Amino acid sequence: RLQAKDQLPVEFKPLINDEIWSVGANYLLNTSTTLLDIYPYFHHAHGTLDKTYEFHSQILGNSRKIITYLPPSYHQNTHKSYPVLFMNDGHNLFEAEGSYAGRHWDIATTMDRLCNQGKVAETIIVGVVPVDRTHEYLPTKARTPFGIAGGGAEKYVQFLLKELKPYISGRYRASVAPGSLGIAGSSYGGLISLYAWLTHPDEFALCGAFSPSVYFDNRIFFRMLENDEKQRLVQSKLYVDSGSPNDGLGIIGEFNNLAVNKVSNGWMSFPQYTYVVGEGHTHSEECWALRAPDALTFLLKDHARHH
């Protein structure tokens, strides 16, 4: 723990035995933070994956695989606790085995790079593999390209909050500080992320919605957003994106216009909301992987580091 007594800002970096610098960018003690806790790491530039193959849910009545990314300093600096980001479609995040068409986001490599550059706060990423994707990710029963489906979103969120979150907190050094939990996903996975963030603002501070399927059920999410008046945590952030021109650009653009209008009227501040268009990007794992670094940087920015 460091406290500034001299002229601010102060930029610094820990060093062991005048030989080994800490990994990542310099730390920054500025006028808004006169007391700073730091947890430097020196030897491990790569995170690790931990897998739970049969995590059972009494709420959902099924079992699923959970793949958890632990950041580079996790096993070195044992006094540090970490924010948590749940990511839907966990089978598409880390490895080709089990992913859609063998394509994945390579989130572990992306997080390693962003952590080591000091662009994001080290974060535990929890990849949640779906069991019945359309049922779990959609809030109401409605027509989809796969027939009538949905209606299980609230139960899925309750599973995340009441079963998976305590499991993660008990197994790993997960932070319990307000604003330390987020959720993200793509397509229907982006939709359930929006749903969780909109309906449980006291729990989910961060939301990353990649190409969310906001056309679902006659634009029900437009109505949910328009009617949202819930008090949000000061740490709340919302990231929304789409590809262009054939990845929902029109309807997601309309959703963005509605969000911008709400922000302009005091719903959130503009630094807490962003909308990104991936030019030439399709509705695919490859394109979501391309946009993931900017999304994670926005959601998980480390304000203790100099960029």
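Since the model is a prediction, treat every value here as computed from it, not as a measurement.

Parameters and conventions
Residues numbered from 1 in each chain as written. Predicted model: local features only at pLDDT ≥ 70, side-chain atom pairs only at ≥ 80, totals over all residues. Heavy atoms only, no water. Core = buried A, V, L, I, M, F, W, Y, C linked by side-chain atoms within 4.5 Å. Buried < 20%, exposed > 50% of the residue type's maximum accessible area, 1.4 Å probe, protein only. Contact = heavy atoms within 4.5 Å. Helix = DSSP H or I, 4+ residues; strand = E, 2+ residues; numbered from the N terminus. Polar contact = N/O pair within 3.5 Å; in protein donor to acceptor, adjacent residues only side chain to side chain. 1 Å grid on protein atoms, 1.4 Å probe; cavity = no way out; pocket = protein on both sides within 12 Å on 5 of 7 lines; lining within 4 Å. Points joined across faces, edges and corners; volume = space filled by probe spheres on them. Nonpolar A, V, L, I, M, F, W, Y, C, P; charged D, E, K, R; others polar. Expected span 1.5 Å × (residues − 1). Bend = angle between axes of the 7 residues up to and from the residue. Axes fitted to C-alpha atoms, helices over the stretch in contact; angles between N-to-C directions. Parallel < 35°, antiparallel > 145°, perpendicular 65-115°, else oblique.

Draft legend 1. Geometry of the nonpolar core. Counting 53 residues, the largest nonpolar core has F86, L164 and F204 as the members making the most contacts within it. Look past the residues within four positions of F204 in its chain and what remains in contact with it is F86, V157, L160, L161, L181, G182, I183, A196 and W197.

Draft legend 2. Structural detail: the side chain of H281. Here H281 shows up in the loop between β16 (273-279) and α7 (285-300). Residue classification places H281 among the buried residues on the basis of a relative accessible area of 16%. Looking at H281, its side chain comes within polar contact range of the side chain of R291, at 3.0 Å. Contacts of H281, omitting those with residues within four sequence positions, involve G243, S244, D247, C287, L290 and R291.

Draft legend 3. Spotlight on the layout of surface pockets. Put simply, the second largest pocket is a space of about 210 Å³. Counting residues per element, the lining of the second largest pocket draws most heavily on α7, at 3 residues. Class assignment of the residues belonging to the lining of the second largest pocket gives a composition of 3 nonpolar, 6 polar and 5 charged.

Draft legend 4. How the structure looks around the side chain of S193. Along the chain, the position of S193 falls in helix α4 (residues 188-199). If near-sequence neighbours (up to four positions away) are discounted, S193 is found in contact with N88, I183, A184, G185, C207 and G208.

Draft legend 5. Structural view of α7. Here α7 is 16 residues long and its end C-alpha atoms lie 21 Å apart, about the 22 Å a rise of 1.5 Å per residue gives. Most pronounced at A292, the bend in α7 amounts to some 40°, and the proline P293 follows within four residues. Where burial is concerned, most of α7 is hidden: 12 out of the 16 residues are buried. Buried within α7 we find E285, C287, W288, A289, R291, A292, P293, A295, L296, F298, L299 and L300.

Draft legend 6. Looking closely at helix α1 (residues 107-116). For α1, a buried count of 7 out of 10 residues is recorded, marking the element as mostly surrounded by other parts of the structure. Of the residues making up α1, those classed as buried are I107, A108, T110, M111, D112, L114 and C115. Contacts from the buried residues of α1 go to β7 (48-57), β8 (62-70), β9 (84-88), β10 (124-128) and α7.

Draft legend 7. Summary view of the packing of helix α3 (residues 153-171) against α4. Following both chains from N to C, one finds α3 and α4 inclined at 75°, their axes separated by 10 Å at the closest point. Between α3 and α4, the crossing angle belongs to the class labelled roughly perpendicular. Two secondary-structure elements touch here, α3 through A153, E154, Y156 and V157 and α4 through I192, Y195, A196 and T199. Taken together, the residues of the contact of α3 with α4 break down into 6 nonpolar, 1 polar and 1 charged.

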